[in-house]
Amino acid sequence: MIKKSWELRMGDREHLLDTDTGGETHTIDVYGSLQNGGFFPPACFSEDDLRCEDPIHMCCMATDNQTALKKGNYFKDGRTKIDFVLVWEIRSRRKQRGKGKSNRTGEERESAQLAEWRDRFVHNLQSVGLLLEKEETANEKKTIHFLKVSAPWDVLVYYAEELCLRAPLQAQQHLDLNTSSVVLKKLSTPNIMMESVPNRPLDYYTCAFRKSKMNRFLGSEDQESYFTNTQRHQIVYEILARTVYGKRKRTEVGVDRLVNEGAYSAAYPLHEGPFKLPGYETHPEELNQRQVLHYYWARWCKWYKYQPLDHIREYFGEKIALYFAWLGFYTAWLLPAAIVGTLVFVSGIMHMDTNTPAEDICTSGAKYPMCPLCKTCEAWNMSDICTMAKLGYLFDHPGTVFFSVFMSFWAVTFLEFWKRKMATLAHHWDCMDFHEEEERPRPEFAATAPTVEENPVTGVKEPYFPEKTRLSRMFTGSMIIILMLCVVIIFLVTVVMCRGVISVMMYQSGSPVLRTEAGTIANICSSIVNLGFILFMGQIYTALAEQLTKWEMHRTQTQHDNAFTLKVFIFQFVNFYSSPFYVAFFKGRFVGYPTNYGTLFGMRNEDCGPGGCLIELAEQLFIIMVGKQLINNIQEFIIPKVKAWRQKRTLASVLGDNETGEARRWEEDYKLVPCGGLFEEYLEMVLQFGFITIFVAAFPLAPLFALLNNWVEIRLDAHKFVCEYRRPVAERAQNIGVWFNILEALSHLSVIANAFLIAFTSDFLPRLLYQYKFSDDLNGYVNFTLAYAPLNYTDYPRCRYKAFRDDNGAYTLFYWELLAVRLGFIIAFEHVVFFVLRAIDWIVPDVPESLELKIKRERYLAKQALAENQEALLQATRSLDS
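Residues numbered from 1 in each chain as written. Predicted model: local features only at pLDDT ≥ 70, side-chain atom pairs only at ≥ 80, totals over all residues. Heavy atoms only, no water.

Things to note about the overall build of the protein
Across its full length, the protein holds 29 helices and 16 strands. Looking at the protein residue by residue over its 882 residues, the buried ones come to 51%. Restricting to contacts in the protein with at least 6 residues of sequence separation, those with at least 24 account for 75%. (Helix = DSSP H or I, 4+ residues; strand = E, 2+ residues; numbered from the N terminus. Buried < 20%, exposed > 50% of the residue type's maximum accessible area, 1.4 Å probe, protein only. Contact = heavy atoms within 4.5 Å.)

This is the structure we're talking about:
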């Protein structure tokens, strides 16, 4: 019995791997009769049928005279669930005759090849045991074919064991995934964020599925609902991805490559019905999963409610659910950062009038004549910048220093607690021990790889690309990346020169207002121009990175995605952060002094504005960060709707609008937009994380703007996935992948950046040292920071400029003392912060203690469930010994 079962399974595996399917008919009795599917095998077709454009189905589909038993995603018999849909389009012959003979011949040859692939693919799907049913809709221009795919019980059971799906052993109490809910419950405080969402998936102790232990698993007697719809389409997609349609040497395998080749125009699982609520009154428990997600999650009025993560995972799979869990967790942690940042900003406003240096500037009159800011400019008085001096205090006071330290701790603590949350979710969703099997080659890799070699892990021959050639291509790609980074630097220099030109124009305008605000106007204008450059270069480079990554020929999808992510992030990091880094750490450092000014292309190097470099950095961060968020949200709101409108308009002539009759789900889903994945969503949030951590000392309101954006982002993304995207294939995952490593790198970089920002860009340490050496109340500080022009500077004798220099332009003793203090502060700041961070890492375990107990309980139950197997093995061993 065991041998026969093994032989049948091996026969099934051979049909999955056998690519040399010729014209012979394969017969294999593995999963029983296929008659329920209403789909006949290719053997029932005549030779004339097989020579037509669509040789697979034609007119020999069996018709079921039974009345439909159920409404929804079912075959015509009303009992067989639809797990997946394959779609392809065939243009009419009349449409093809309108073209030239040579073009028509080429298209007919290609069409015949695609039809042959579909025929072989469907034949192998039948051999595996899948049930198939076809429908089509046509007009005078083209015919759209829908092939509905369903997996019967025997197929589901076999592949559930092979894919190591988790089986329920014992129900347990629902886990409260929201820490704030637990805290408020202990405090007996009403929680407005809590909402009861109907049809919450049950929580179980689980173990790996075993067919031999079916009687031990809860619900196994109900074959109709034992496997969830998400698990069903996971299993079917696995079969579709493994099934061959061509020859072994070309590795013509899987539905993904068929879609890439154009044999199918789409392949997708179905949504669970419409997302809109029915027009009549209905009980919440009667809503389908999609309606539940739309009503309780994707609507704007739910912005303050907890996300129904269990429902999201049940419908979209763990990978998408983990993204929304991370986004919600990150948004919740932004709340304390936003509150502290707002308080720091408000405290700056409250103490703005008590700023002694600013008051000294405002009351100085003509006391401090300043040297001209350009060759053609005139001297000016320090009192002219009174307003900017007061505003500069908002972004450069002791509170901002505290906030930068706070955010350094916040960033790493956030990641530590996310690791705990991630471990909890991975266990709760049965993904803690999930490790992807040996990945199949990507369809594009299989199609273009030059040779075939044996895989050392699986022993199967598969496409191979020489590692040396790949490394040389990666090196060439790195050179192209460096070249593109140089282009970004060139754009940065262009923006700097543009800012200088605008400043000179403002100074020469003759208007007192424009002269006073020249630096601010120039900075704002150049920041807007820079934002345009950033968005433009980002689009170009993303397309370039995609082509480079394809050219590098990475074997698996994971390797391809990681290489693409790394390329795009490195470029976007430089693209978005180069200008803020320049303002924060380089602007004003190479100005020189009268008679010895530094120049770039004949123009004097930029100096910090009247309010200091921090206020200019704050202006840049506001324009780049908030401007990017606004543009992205507008794009995310409009672009999917435009794509969906175009898709529906294109298909309307064939599929119609179904206003009079009941909509067919496979047609309605075909009108939706293909899911765009999570790359852009993660990239947007990771760049935002960099803005609120690396430069937070200059812009305390950054977490507040990030929080407001994320409240909008969650609902926008939810609406896209529920209402506007085709349902993506559910993917298992136990973490957010390479993005966590990038977040960790950004959090550590933020500590170093904030240390240098406080030490070299802020006036915090110069004021502190002046208070220690001269005056606690900062009287005379402004005069102390201004040097006199050298005696040989005759244009404006004895004018002042901001520097710690003597009359000859040499640095004073105070400058060197201040430099020592700055370097000492950086070393002390980094060591203290990193020490505390390591302590937090040590104190806060990655896996909560309560979760460890649950894991032990689950292992005990799994051991009990499999105990009979162990006893049988022991008895067999004893009999052999005897």
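A closer look at the nonpolar core
Core analysis: the largest hydrophobic core is formed by 105 residues, its most contacted members being Trp326 and Tyr330. Here this core takes 16 residues from helix H11 (residues 318-350), the largest share from any one element. When sequence neighbours within four positions are dropped, the list of residues in contact with Tyr330 reads Trp410, Phe414, Met685, Gln688, Phe689, Ile692 and Asn710. The next biggest cluster of nonpolar side chains, apart from the first, holds 42 residues, and it includes Leu86, Val128, Trp153 and Ile239. (Core = buried A, V, L, I, M, F, W, Y, C linked by side-chain atoms within 4.5 Å.)

So, the sheet that holds strand E1 (residues 84-91)
Taken in spatial order, the 4 strands make up an open sheet running E2-E3-E1-E6, and their pairing is antiparallel. Each edge of the sheet is formed by a strand with only one pairing partner; in this case those strands are strand E2 (131-138) and strand E6 (266-268). In this sheet, neighbouring strand axes are inclined to one another by 20 degrees on average, regardless of whether the strands run parallel or antiparallel. In the sheet, E2 pairs with strand E3 (residues 142-150) via 8 bridges, with the strands oriented antiparallel. Paired with Ala138 across the bridge in E3 is Thr143. This element, helix H7 (residues 229-242), spans E1 and E3 of the sheet and lies at about 50 degrees to E1. (Pairing = 2+ DSSP bridges. Axes fitted to C-alpha atoms, helices over the stretch in contact; angles between N-to-C directions.)

Comments concerning the pattern of salt bridges
Inspection of the entire model under this criterion finds 30 salt bridges. For Glu133, the salt bridge identified is with Lys148, shortest N-O distance 2.7 Å. In this pair, Glu133 sits in strand E2 while Lys148 sits in strand E3, placing the two residues 15 residues apart along the sequence. Note on accessibility: Glu133 and Lys148 belong to one class, buried. Measuring nitrogen to oxygen at the nearest pair gives 4.0 Å for the salt bridge that ties Lys390 to Glu359. Of the two residues, Lys390 is situated in helix H13 (residues 386-392) and Glu359 in helix H12 (residues 356-362); the sequence distance between them amounts to 31 residues. Here Glu359 falls in the partly exposed class, since its relative accessible area comes to 29%. (Salt bridge = Lys/Arg side-chain N within 4 Å of Asp/Glu carboxyl O.)

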